[in-house]
Amino acid sequence: MTAWLFREWPWYVAGPLIGLFVPALLLVGNQVFGISANLSHLCAAFAPGKLEFFRYDWRKVGLWNLVFLAGVLIGGFLAFHGGPPQTIAISADTRAALGRLGIHDFSGVAPREIFTWHALLTVRGFVLVVVGGFLVGFGTAYAAGCTSGHAISGLANLELPSLIAVLGFFAGGLAATYFILPFVLRGL
Amino acid sequence: MTTPSTSAFDGCGASSSEQQVPRPAFLSVYLLLGIAFGFVLSRSEVISWFRIQEMFRFQSFRMYGIIGSAVVTAAASVALIKRSGIKSVAGERITTPAKPLGSGIRYAAGGTIFGLGWALTGACPGPLFALIGNGVTVMIAGVASALAGTWAYGWVHIRLPH
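Residues numbered from 1 in each chain as written. Chains lettered and ligands numbered in written order. Predicted model: local features only at pLDDT ≥ 70, side-chain atom pairs only at ≥ 80, totals over all residues.

With that out of the way, let us pick up the overall build of chain A. Regarding its fold elements, chain A presents eight helices and zero strands. Put simply, chain A runs from its N terminus to its C terminus through helices and strands in the order α-α-α-α-α-α-α-α. Principal axes of the C-alpha set define a box for chain A whose edges measure 50 × 50 × 35 Å. With 188 residues in all, chain A has 53% of them scored as buried. (Helix = DSSP H or I, 4+ residues; strand = E, 2+ residues; numbered from the N terminus. Buried ≥ 20, exposed ≤ 12 C-beta atoms within 10 Å, placed from the backbone.)

Here the focus is the interface of chain B and chain A. Taken together, the contacts link 114 residues of chain B with 124 residues of chain A. Only helix H1 (24-43), helix H2 (49-56), helix H3 (62-84), helix H4 (105-121), helix H5 (125-133) and helix H6 (139-156) of chain B provide two or more residues apiece to the side of chain B that touches chain A. In terms of residue count, H1 of chain B provides more of the side of chain B that touches chain A than any other element does, 17 residues in total. Residues that form the side of chain B that touches chain A fall into these classes: 64 nonpolar, 40 polar and 10 charged. (Contact = placed C-beta atoms within 7 Å. Nonpolar A, V, L, I, M, F, W, Y, C, P; charged D, E, K, R; others polar.)

A separate point is the packing of helix H4 (residues 58-81) of chain A against H5 of chain B. Two numbers describe how H4 of chain A lies on H5 of chain B: the axes approach to 7 Å, and their chain directions differ by 45°. Overall, the two elements H4 of chain A and H5 of chain B adopt an arrangement that is oblique. In terms of crossing hand, the pair formed by H4 of chain A and H5 of chain B is right-handed. On H5 of chain B, the residues that touch Leu69, Val72, Leu73, Ile74, Gly75, Gly76, Phe77 and Phe80 of chain A of H4 of chain A are Gly126, Phe129, Ala130, Leu131, Ile132 and Gly133 of chain B. Each residue belonging to the contact of H4 of chain A with H5 of chain B can be placed in one class, and the counts come to 10 nonpolar, four polar and no charged. (Axes fitted to C-alpha atoms, helices over the stretch in contact; angles between N-to-C directions. Parallel < 35°, antiparallel > 145°, perpendicular 65-115°, else oblique. Left-handed = near helix turned anticlockwise from the far one by under 90°.)

Looking now at the packing of helix H6 (residues 123-143) of chain A against H6 of chain B. Their axes nearest at 6 Å, the elements H6 of chain A and H6 of chain B cross at an angle of 40°. Viewed along their axes, H6 of chain A and H6 of chain B adopt a mutual orientation that is oblique. H6 of chain B is crossed by H6 of chain A, and the crossing has right-handed handedness. Note on element contacts: H6 of chain B touches H6 of chain A through Ala141, Gly142, Val143, Ser145, Ala146, Leu147, Ala148, Gly149, Thr150, Ala152, Tyr153 and Gly154 of chain B, opposite Val129, Val130, Gly132, Gly133, Phe134, Leu135, Val136, Gly137, Phe138, Ala141 and Tyr142 of chain A. Its residues assigned to classes, the contact of H6 of chain A with H6 of chain B shows 15 nonpolar, eight polar and no charged.

Now for the nonpolar core. One finds Val22 and Ile152 of chain A together with Leu131 of chain B to be the most contacted residues of the largest nonpolar core, which totals 105 residues. Non-local contacts of Ile152 of chain A, meaning those with residues more than four positions away in its chain, are made with Ile18, Gly19, Val22, Phe33 and Thr147 of chain A together with Ala70, Val71 and Ala74 of chain B. (Core = buried A, V, L, I, M, F, W, Y, C linked by C-beta atoms within 7 Å.)

This part covers H2 of chain B. Within H2 of chain B, eight of the eight residues are buried, leaving the element largely enclosed by the surrounding structure. All of the buried residues in H2 of chain B are Trp49, Phe50, Arg51, Ile52, Gln53, Glu54, Met55 and Phe56 of chain B. Close packing links the buried residues of H2 of chain B with helix H5 (92-100) and helix H8 (160-185) of chain A together with H3 and H4 of chain B. Note on H2 of chain B: the residue one or two positions beyond its end, Phe58 of chain B, has a positive phi of about 55°.

Residues and elements named next belong to chain B. Taken across its nine residues, H5 has nine buried, putting it largely inside the fold. Within the sequence span of H5, burial applies to Pro125, Gly126, Pro127, Leu128, Phe129, Ala130, Leu131, Ile132 and Gly133. Looking one or two places after H5, you find Gly135, whose phi comes out positive at around 90°.

Below, the discussion takes up the confidence of the model for chain A. Across chain A, pLDDT averages 93, with 98% of residues at or above 70. Averaged pLDDT values for the elements of chain A fall to 93 in helix H7 (residues 147-156) of chain A and rise to 97 in H6 of chain A. (pLDDT = per-residue confidence, 0-100.)

Next up on the list: the environment of Gly115 of chain B. Note on placement: Gly115 of chain B falls in helix H4. The exposure class of Gly115 of chain B is buried, given the 30 C-beta atoms found within 10 Å. Beyond its immediate sequence surroundings of up to four residues, Gly115 of chain B is in contact with Gly168, Phe169, Phe170, Ala171, Gly172 and Gly173 of chain A.

A few words on the environment of Met55 of chain B. Looking at where Met55 of chain B falls in the secondary structure, it is placed in helix H2. In this view, Met55 of chain B contacts Met63 and Tyr64 of chain B; residues no more than four positions away in its chain are not counted.

The next thing to look at is unusual backbone geometry. The backbone phi angle of Ala144 of chain A is positive, close to 55°, even though this residue is not glycine. Classification of Ala144 of chain A by C-beta neighbours within 10 Å gives buried; the count is 33. Its identity as a non-glycine residue notwithstanding, Glu45 of chain B has a phi of 65°, on the positive side. Here Glu45 of chain B shows up in the loop between H1 and H2. Of the residues examined, Glu45 of chain B has 24 C-beta atoms within 10 Å and is grouped as buried.

If you want it as structure tokens, here you go:
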């Protein structure tokens with residue numbers, strides 16, 4: 001009966017549901033939906049050193065968002081453990097393109113050949129997880145937002161800065177896909 | 001209250017109104033909403049490195065459909081909320097302050113740097129955490145690295161163009 005909950009949802013179900021988190025957070029407590037501010041709040045809460053940038057009352061500004069983020073982790077856990085294991089049904093073209101780059105295990109949510117602890121110290125694992133993670137943290141702080149804050153909240157509020165940021169997201173993503181990933185994945 | 005454009009206050013998700021620490025009842029609502037969001041991110045598969053590659057290779061409409069319909073739904077809701085003048089459950093007037101444009105450089109440069117990271121990790125900040133819940137525990141290292149990245153920005157931001 002609940003099997004549909006744990007299957008892949010079509011885009012026209014998933015997209016509107018994601019969009020509804022913007023009005024939900026506004027209606028609950030006048031909060032603007034955006035995840036990456038949490039990276040800043042975590043630095044404000046825990047980072048050593050006394051950088052002026054992180055000297056603000058993270059409890060007042062961001063406790064609600066950190067609690068929301070804890071929920072995101074739990075929600076992922078429930079989605080994963082509540083249903084049968086699932087293969088991501090990507091297009092045959094993408095499978096072929098990734099196959100040419102040496103990715104052959106399509107059984108997980110992310111390539112199992114790369115996103116594991118013992119692959120972390122290979123070139124592929126290090127660049128994708130550690131370098132990639134660093135760029136996500138640096139870039140979202142610099143751009144003052146990520147996919148949720150700019151691409152969804154910001155565009156929904158018709159903000160020009162968010163449109164510029166989203167164009168940047170795609171410029172960077174395309175550059176990494178076509179110019180960086182081929183070299184890294186082929187093990188250069 | 002006005003805050004300078006380089007302050008941490010204008011990070012993604014900040015609100016410019018004077019804020020208080022939410023009461024426990026509200027925090028539990030935020031927790032439930034977060035759980036729902038993590039579940040939706042997982043089932044919609046936007047947390048998947050494979051789906052992000054499919055998107056950047058223009059080989060499926062799926063991700064564009066998801067992001068596009070999310071924006072349309074959110075925009076219609078925000079317009080409706082603004083027009084109705086409705087107050088939040090907590091009793092505040094609902095405000096959606098626009099981010100200052102400035103020169104725009106921070107959005108173009110920061111956005112591009114984030115885009116590079118998005119394609120490499122296959123995850124934006126929400127999915128980084130949802131992936132840990134989905135058993136991709138190596139993303140704990142990804143989160144640690146993202147925190148280092150945000151900290152590094154806090155360290156050098158004075159010297160960067162905005």
